[in-house]
Amino acid sequence: ADRRALIEALPKAELHLHIEGSLEPELLFELAQRNQVEIPFDSVEAVRAAYDFSNLQDFLDIYYQGMSVLLHEQDFYDLTMAYLKRVHQDGVVHVEIFFDPQGHTERGVAFDTVIKGITRALDDGEEQLGITHRLIMCFLRHLDEEAAFETLEQAKPWLNRIHGVGLDSSEVGHPPSKFEKVFAKARAMGLFPTAHAGEEGPPEYVHEALDLLQVRRIDHGNRALEDAALTQRIADEGLTLTVCPLSNLKLCVIDRIEDSPVRKMLDAGLRATINSDDPAYFGGYVNDNFQAIADALDLDREEILTLARNGFEGALIDADVRQRHL
Ligand code: ES4
Ligand code: ZN
């Protein structure tokens, strides 16, 4: 009970959040009707019942299907604003949002439609709720590198609004090496590089993300712990890991929250952060993730404070802004 009050009161940053994964069944239903898109569910309850996954791919199939109701700029605005209003209640004051432009351009929705809606909501969220933001554009790793290059090209007029590039979707079989050239170009354009690595994929993929993509943050990173030298390197380089406990549980990356890598990461001196990933699909926003991990690992006050502080230390914000949060 004491823990809950502490978690709720803490100012927090969320660094690993797919905006398309914040599409709640209620809004999915509303947008399906508004846009007259057919979905294979006849109630909000039926949608929720379908959210039972045994691995990452199971989830991704439903996630891409859910996106199909997002067609117009206003839809992306409503999606993003709903997320900001929800996390405002959780005490989140800074968000770094992933978006998957290829999940939309592949369906014929223009890149500009997507980013206009998202950024308009981010601006309104900053003004109305005081939540600061960064936007990170992800490449879908199940698609080829050429498609990623096209996406990077489409992002060019928006570089004042996009701070980083990420790599997501089906990990196994799509190693970071596949995207070495496009990440080099993105870095040369001034974009901060991060990648999902070691969620389902082996430690070797985390090595590749560091060596070939030169990422400065690792999304998930669970399986990096299987390699002691790699773990030491992540600690030495002071890299941030964006861990998602409820996501790991829902996608069967772990069997129980108690098996979350967060305890080992903290003990190894790694900068672990707590995030929700795809909260509409995984059953919880940031505070739910903090609560689950704090209870399961019996975290004390200092450990909870460290996890929250790590979010600001790993954030893509200027030193003076960071200092104000710490
Ligand atoms: C994702 Cl949890 C996760 N892993 C990889 N790609 C993703 N896209 C959205 N959520
Ligand atoms: Zn993710």
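Residues numbered from 1 in each chain as written. Chains lettered and ligands numbered in written order. Predicted model: local features only at pLDDT ≥ 70, side-chain atom pairs only at ≥ 80, totals over all residues.

- Named according to an unreviewed UniProt entry, the protein is Adenine deaminase originating from Sphingomicrobium sediminis.
- Within the UniProt record for the protein, the comment given under Sequence similarities (unreviewed entry) is "Belongs to the metallo-dependent hydrolases superfamily. Adenosine and AMP deaminases family. Adenine deaminase type 2 subfamily."
- Per UniProt, the protein has the following entry under Function (unreviewed entry): "Catalyzes the hydrolytic deamination of adenine to hypoxanthine. Plays an important role in the purine salvage pathway and in nitrogen catabolism." (UniProt positions renumbered as here; feature names shortened; annotations may be inferred.)

### Observations concerning the overall build of the protein
- Across its full length, the protein carries 17 helices and eight strands.
- Relative to the 2.2 N^0.38 estimate, which gives 20 Å for 326 residues, the radius of gyration of the protein is 18 Å and therefore close to what a compact globule would have.
- Taken over the C-alpha atoms alone, the protein extends approximately 50 × 45 × 40 Å along its principal axes.
- Relative to its 326 residues, the protein shows a buried fraction of 48%.
- Relative to all contacts within the protein whose residues are 6 or more apart in sequence, the contacts with residues 24 or more apart total 75%. (Helix = DSSP H or I, 4+ residues; strand = E, 2+ residues; numbered from the N terminus. Rg over C-alpha atoms; globule rule 2.2 N^0.38 Å. Buried ≥ 20, exposed ≤ 12 C-beta atoms within 10 Å, placed from the backbone. Contact = placed C-beta atoms within 7 Å.)

### Structural notes on the site of ligand 1
- In the vicinity of ligand 1, the contacting residues are His18, Gly21, Leu56, Tyr63, Asp168, Ser169, His196, Glu199, Ser247, Asp277 and Asp278.
- When grouped by side-chain class, the residues that make up the shell around ligand 1 number two nonpolar, five polar and four charged. (Near = placed C-beta within 6 Å. Nonpolar A, V, L, I, M, F, W, Y, C, P; charged D, E, K, R; others polar.)

### A short note on the UniProt feature "active site" (unreviewed entry) in the protein
- The sites that UniProt annotates as "active site" (unreviewed entry) are Glu199.
- Topologically, Glu199 is positioned in the loop between strand 5 (192–197) and helix 10 (203–211).
- For Glu199, the contacting residues outside a window of four places in its chain are Leu56, Glu171, His220, Asn222 and Val253.

### Digging into the nonpolar core
- Among the nonpolar cores identified, the biggest contains 83 residues, and Phe99, Ile118 and Ala209 are the most heavily contacted of them.
- Of the residues forming this core, the biggest block, six residues, is contributed by strand 3 (residues 132–140).
- Filtering out sequence-adjacent residues up to four positions away, Ala209 remains in contact with Pro176, Ala195, Ala197, Val215 and Ile218.
- One finds Leu15, Phe312, Ala315 and Ile317 within the second-largest nonpolar core, a separate group that totals five residues. (Core = buried A, V, L, I, M, F, W, Y, C linked by C-beta atoms within 7 Å.)

### Here we look at the sheet that holds strand 5
- The eight strands lie next to each other as 1-2-3-4-5-6-7-8, forming an open sheet whose pairing is parallel. Looking along the sheet, the strands with just one partner apiece sit at the ends: strand 1 (12–18) and strand 8 (271–274). For this sheet, the mean inter-axis angle between neighbouring strands, taken without regard to orientation, is 25°.
- Relative to strand 8, strand 7 (residues 240–243) runs parallel, the two sharing four bridges. Paired with Thr242 across the two strands is Thr273, which belongs to strand 8.
- Taken strand by strand, helix 9 (residues 180–188) contacts strand 3, strand 4 (164–168) and strand 5, and its axis lies near 145° from that of strand 5. (Pairing = 2+ DSSP bridges. Axes fitted to C-alpha atoms, helices over the stretch in contact; angles between N-to-C directions.)

### Some remarks on the environment of Lys250
- Along the chain, Lys250 turns up in helix 12 (residues 245–250).
- You can call Lys250 buried: it has 22 C-beta atoms within 10 Å.
- For the pair formed by Lys250 and Phe53, sequence separation is 197 residues and the distance between their alpha carbons is 6.3 Å.

### Here's the deal with the packing of helix 5 (residues 73–88) against helix 7 (residues 111–129)
- Direction vectors running N to C along helix 5 and helix 7 enclose 35°, while the axes themselves pass 7 Å from each other. Pair helix 5 / helix 7 crosses with right-handed handedness. Of the residues in helix 7, those touching helix 5 at Glu73, Gln74, Asp75, Phe76, Tyr77, Thr80, Met81, Leu84 and His88 are Thr113, Val114, Lys116, Gly117, Ile118, Arg120, Ala121, Leu122, Asp124, Gly125 and Leu129.
- Considering only residue class, the contact of helix 5 with helix 7 consists of nine nonpolar, six polar and five charged. (Left-handed = near helix turned anticlockwise from the far one by under 90°.)

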